[in-house]
Amino acid sequence: MASSRSSPAAPRRAVGIYHKERDDPRFRVRSLPDVCPKEPTGEGRGLCGGPSVVAEHEPWTVYSSKVNLPAALNDPRLAKRESDFFTKTWGLDFTETEVAPCSHLPSITRDDFRPYLLETAQRERIHERCKAICPNKDLDSVSSININHDKTISELEQVPKIFMKPDFALDDPATFNAVLPWSHFNSAGGKSSRDVASSKLLQEKLSHYLDVVEVSIARQISLRSDAFFHAMSSQHELQDRLQETQRAVSFLRQRMAGIDRVMCQGPLRALRSAITRNNCVKLHNKMKLMAAVHQTQPTVQLLLSTSEFVGALELIATTKEVLQQELQGIHSFRHLGSQLCELEKLIDKMMVEDFSIYARSDLNRSLRDETQVLEKERLESLVFGLLRQRKLDFLDIYNEEMISAAKAIVNQCVADRVLQIEDIDTEVVTKLADQMRVMMFPQWFDLLKNVFECFLLFLQRIKLTLNVIRKVVLEALDSHQKLQVHAAPVADSSADVSQNALQLQGEAELAYLTHEGLFISDALNEAKHMEQNCVREAGARQADAEPAGGANNISADNMMPSELELNRIMNNLQEALFTASDVSHDRCVKLLTARARDGSLERLSSAEFVSLSAAVEGFVRDTEELSGRRSVSLRGALQSQANRFVHRFHEERKNKLGLLLDNERWKQAEVPAEFQDLVNSIADGKISLPERKLSGPDDRKPTEFLLVNGQKYAVVGTVLLLIRMFLEYCQCVNDIPSISTDMLTRLSDLLKHFNSRSCQLVLGAGALQVVGLKTITTKNLALASRCLQLVVLYIPLIRAHFETKLQPKQFSVLRHFDHITKDYNDHIAEISAKLVAIMDSLFEKVLLKYEVKAPMPSACFRNVCKQMAKMHEAISELLPEEQTQMLFLRINASFKLHLKRQLSRLGVVNDGGPQNGLVVVDVAFYTENLQVLKSLERLDLNMAEIWEQKR
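Residues numbered from 1 in each chain as written. Predicted model: local features only at pLDDT ≥ 70, side-chain atom pairs only at ≥ 80, totals over all residues. Heavy atoms only, no water.

## Some remarks on the pattern of salt bridges
Any two side chains of opposite charge can pair if their charged atoms end up close together.
Here is step 1: With the rule as written, the count across this model stands at 17 salt bridges.
Here is step 2: The shortest N-O distance in the salt bridge between aspartate 362 and arginine 365 comes to 3.1 Å.
Here is step 3: Through salt bridges with shared partners, a single network forms among Arg648, Glu652, Arg653 and Glu728. (Salt bridge = Lys/Arg side-chain N within 4 Å of Asp/Glu carboxyl O.)

In structure tokens form, the structure reads like this:
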């Protein structure tokens, strides 16, 4: 068919007049060329590199090819015909693709068309009436078409469905076998007549299917012939109009070419010359910049040789920025960027290694050398460089070197001290700890003080070094804060510069389009001068806003740490000083523990341990003043040793007290003068041991009693030593306040031990077996009571002394003294009760034999008075008058009770009879003998209570 052939290609001259797609970049509307000089990009495109607006023809491209409309509509390759052109072009699956609904469009319902339907309802009714009046003349033709259509459908149904499948392909074996069954051709003896007939029948069947399909295709084409011819006529009309348009465009291009020759080529040539000159100037500047960049690496090496790390890093950063912005794409510098990065990494390693070497050399040099910071400028340069490169862990390196130096200090001090001691054979005793334990305490104590002195110098050196680092960090922090303050005005000025530059660029383009003078370059130069003046003024304002820096001023780039990181470094600097103090204390703790491993520190005398404690406290106090932090490790070690010392101190005195009590015969002892002086010093408020005086020929003789606040105390020797012992406890608390709580507990234990052991020996009669006493006499009991009273007298003084050494939260331990006082008073009361009980048993035994008969006074009363006199003689010199009177009042009450019972048993009453008179004589004898005794003269005996009251 004619419609199936392709139409000839469109004439070449008509290529330029067709409308192309708007998105085609070759046919976009180009703006006028930028007359401002551009950087050379190497593309080789001039000012007229785009499509010309004056040329009539242009080269043929793939966009110039065309296909005529009849050939597109009658493509025989498609399986079925559709009315949609896009389906023909893009395939059968185009209409089956589901399109997702647009989220920006509302859903359309029937209600949206209701206004339109109401508007067109009347016209539709008129149209329906017209159709009813004028019937359709083509009804017969339509019916015939429908009949033919039904016939075509019935004929097409005869064709097997396999031929209608969209994936029909004879190269598929299953399809091929279904179309050409091989069962008709499998005769064994060659081709038979049956096979030939089957082949012919199959061929005729396939030919029939082909005819049916072709007839159906032809019918479909005939049904659409009107639309086809209408399209062809429209195509001819379109070609005519395109030819007219081509002639108009050709005429326009001729006019534009004339204008181009007369008005544009000369000015454009002048612009090209100006741009070429500017490009040459820029090329010269680029070459000078390249020469400066070429000298970067030698300059960096020179700066590194003088430890100018910040300058080297700044130069590298500036060069990298120039390479990325000004010299991007330069082939000769293609490897320079990576080389500078490697050089920067190398500088980082160099700075870290140099800082480690500096820290090692500074910390390990002699401590008694110059106290100033070693190479201060070098340290500042290193710290500035490390901060700029964000190597913020350099303090960890310093801490490691500090720990190593602290170990070396102890080792060196021990080695130097061992060399001075000839008794230590270093070949036999090789370990430092063993060498320290071999030393005598004075030698080891000198070593410890030397270590303390070295560590104080060590901490002073560290503090000076950290102060230099802190100063650098503070400068960086101050610079950072100033830049933040000035950031807002500078940002505003930069925005103004950008806005002015854009405005001037727009003015330059406008001058190019509207200038009326002879040369357009005059307008461009004027705009350029205005732009340069604006940029120069903004640069001056920005320079005024920038803070002035010193020699080590750090640029505010992205490499610098933030304010938070700088503050964290400041905290780390303080922590480094704390760490140095803790390390020094830890090394001293190891020195103490190495010495104390064999228990030598526990065996020190009180004076030696006090000197050790004073030295440690002085060192801790000095280090706390240097570092500003309270350290607990060395104090803890000293406290641990103090606890061991207190334990040994207490056990020695407790054992000594136990031995003294076990050998005590409970007889009154003479009081040496030194003990009287000791008691006098306590009375003066001095709770401590007095200094020992050298004995001389004029020493005072011992006294019989101990005078305390004007009272006489008869004591045993053990109590005198007990007084000295608890003063030793108080003296230790004065010298070592940290052991106050522990010492108070131990002193309480000592006092309890004296009380309980003395009770066992005297009241419990343990002294009979331990010492070998024959009996516990009343004198022994009174002496023990007086000794207990003396101890009770000093307990409040001891309590007050310990209270001054304790913290308020530790006052609860003072309750031990209240318990001890109660125990002692109970013990004293038990002794008094024991004395009364002795006389009570005597009265009961004697008065049980009492008879009221002459002669008078009776033997019973004579015996009672004799025993009362012995009792008074035994205790009157030991106990004070008040206690003696109270004791004899209780004894008298016991005597009256037993006498009353005996009189009641004998039936003697106060009736004035003979027996009553005899009893009155005995009682008078008893009263006279008792009141004759010393300090009992005014004692109210009240003997009338012996008689039963008359009812």
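## Points about the confidence of the model for the protein
Here is step 1: Scored by pLDDT, the protein has a mean of 77; 75% of the residues are at 70 or more.
Here is step 2: The element-level mean pLDDT for the protein is lowest in helix 15 (residues 520-545), coming to 51, with helix 24 (residues 815-847) highest at 93.
Here is step 3: Confidence drops under pLDDT 50 across residues 508-521; counting only partners more than four residues distant or on other chains, this segment forms 11 contacts.
Here is step 4: Counting contacts from residues 542-558, a segment whose pLDDT is below 50, to residues more than four positions away or on other chains yields 18 contacts. (pLDDT = per-residue confidence, 0-100. Helix = DSSP H or I, 4+ residues; strand = E, 2+ residues; numbered from the N terminus. Contact = heavy atoms within 4.5 Å.)

## Quick word on the state of the cysteines
Here is step 1: Following the criterion strictly, the structure yields zero disulfides and no others.
Here is step 2: With no disulfide partner, cysteine 730 has as its closest neighbouring cysteine sulfur the one in cysteine 732, 9.5 Å distant. (Disulfide = S-S within 2.5 Å.)

## Quick look at the packing of helix 24 against helix 25 (residues 859-875)
Here is step 1: The geometry of helix 24 relative to helix 25 is characterised by a closest axis approach of 10 Å and an angle of 165 degrees between their N-to-C directions. Relative to helix 25, the element helix 24 lies roughly antiparallel. Every pair of crossing elements has a handedness; the one defined by helix 24 and helix 25 is right-handed. Packed against helix 24, whose contacting residues are Leu835, Met839, Leu842, Phe843, Val846 and Leu847, the element helix 25 presents Cys860, Asn863, Val864, Gln867, Met868 and Met871 at the interface.
Here is step 2: A per-class count over the contact of helix 24 with helix 25 returns 10 nonpolar, two polar and no charged. (Axes fitted to C-alpha atoms, helices over the stretch in contact; angles between N-to-C directions. Parallel < 35°, antiparallel > 145°, perpendicular 65-115°, else oblique. Left-handed = near helix turned anticlockwise from the far one by under 90°. Nonpolar A, V, L, I, M, F, W, Y, C, P; charged D, E, K, R; others polar.)

## Quick look at the nonpolar core
Here is step 1: Ile347, Phe458, Leu612, Ile723 and Phe802 are the most contacted members of the largest nonpolar core, which totals 191 residues.
Here is step 2: The element that contributes the greatest number of residues to this core is helix 14 (residues 441-514), accounting for 20 residues.
Here is step 3: Not counting residues up to four positions away in its chain, the partners in contact with phenylalanine 458 are Leu363, Leu367, Met402, Ala405, Ala406, Ile409 and Ser584. (Core = buried A, V, L, I, M, F, W, Y, C linked by side-chain atoms within 4.5 Å. Buried < 20%, exposed > 50% of the residue type's maximum accessible area, 1.4 Å probe, protein only.)

## Quick notes on the packing of aromatic side chains
Here is step 1: Tallied over the full model, the rule gives 15 aromatic pairs.
Here is step 2: Relative to phenylalanine 645, the ring of phenylalanine 609 has its centre 4.3 Å away and its plane inclined at 0 degrees; by these criteria the two rings are stacked. Pair noted here: phenylalanine 609 is in helix 17 (residues 606-627) and phenylalanine 645 is in helix 18 (residues 633-662), with a separation of 36 residues, a long-range link. Like phenylalanine 645, phenylalanine 609 is buried.
Here is step 3: Ring centres 4.2 Å apart and planes at 20 degrees place the aromatic pair phenylalanine 895 and tyrosine 926 in the stacked group. A residue pair is termed long-range when its members are at least 10 positions apart, and phenylalanine 895 in helix 26 (residues 881-906) and tyrosine 926 in helix 27 (residues 914-932) qualify at 31 residues.
Here is step 4: The class of phenylalanine 895 is buried, set by a relative accessible area of 0%.
Here is step 5: Tyrosine 926 sits in the buried class, given a relative accessible area of 1%.
Here is step 6: Members of the aromatic cluster, connected to one another through ring pairs, are Phe843, Tyr850, Phe861, Phe895 and Tyr926.
Here is step 7: In this arrangement the basic side chain of arginine 653 is found over the ring face of phenylalanine 649, its NZ or CZ atom lying 3.5 Å from the centre.
Here is step 8: The ring of tyrosine 713 has arginine 786 sitting right over it, with the charged end atom 3.8 Å from the ring centre. (Phe/Tyr/Trp six-rings, centres within 6.5 Å; stacked < 30°, edge-to-face > 60°. Lys NZ or Arg CZ within 6 Å of the ring centre and 35° of its normal.)

## Some remarks on the side chain of histidine 650
Here is step 1: Its location among the elements puts histidine 650 in helix 18.
Here is step 2: The contacts of histidine 650, once residues within four sequence positions are left out, are Tyr729, Arg746, Asp749 and Leu750.

## Remarks on unusual backbone geometry
Glycine aside, residues mostly have negative phi, and peptide bonds are mostly found in the trans state.
Here is step 1: Of note, the bond from alanine 854 into proline 855 is cis; its omega dihedral lies within 30 degrees of zero at 5 degrees.
Here is step 2: On the secondary structure map, proline 855 appears in the loop between helix 24 and helix 25.
Here is step 3: Look at the link from methionine 856 to proline 857: it is a cis peptide, with omega at -10 degrees.
Here is step 4: Within the secondary structure layout, proline 857 lies in the loop between helix 24 and helix 25.
Here is step 5: Non-glycine residue tryptophan 666 carries a positive phi angle of around 60 degrees.
Here is step 6: Tracing the chain through its elements places tryptophan 666 in the loop between helix 18 and helix 19 (673-683).
Here is step 7: Relative accessible area serves as the criterion here: at 2%, tryptophan 666 is assigned to the buried category.

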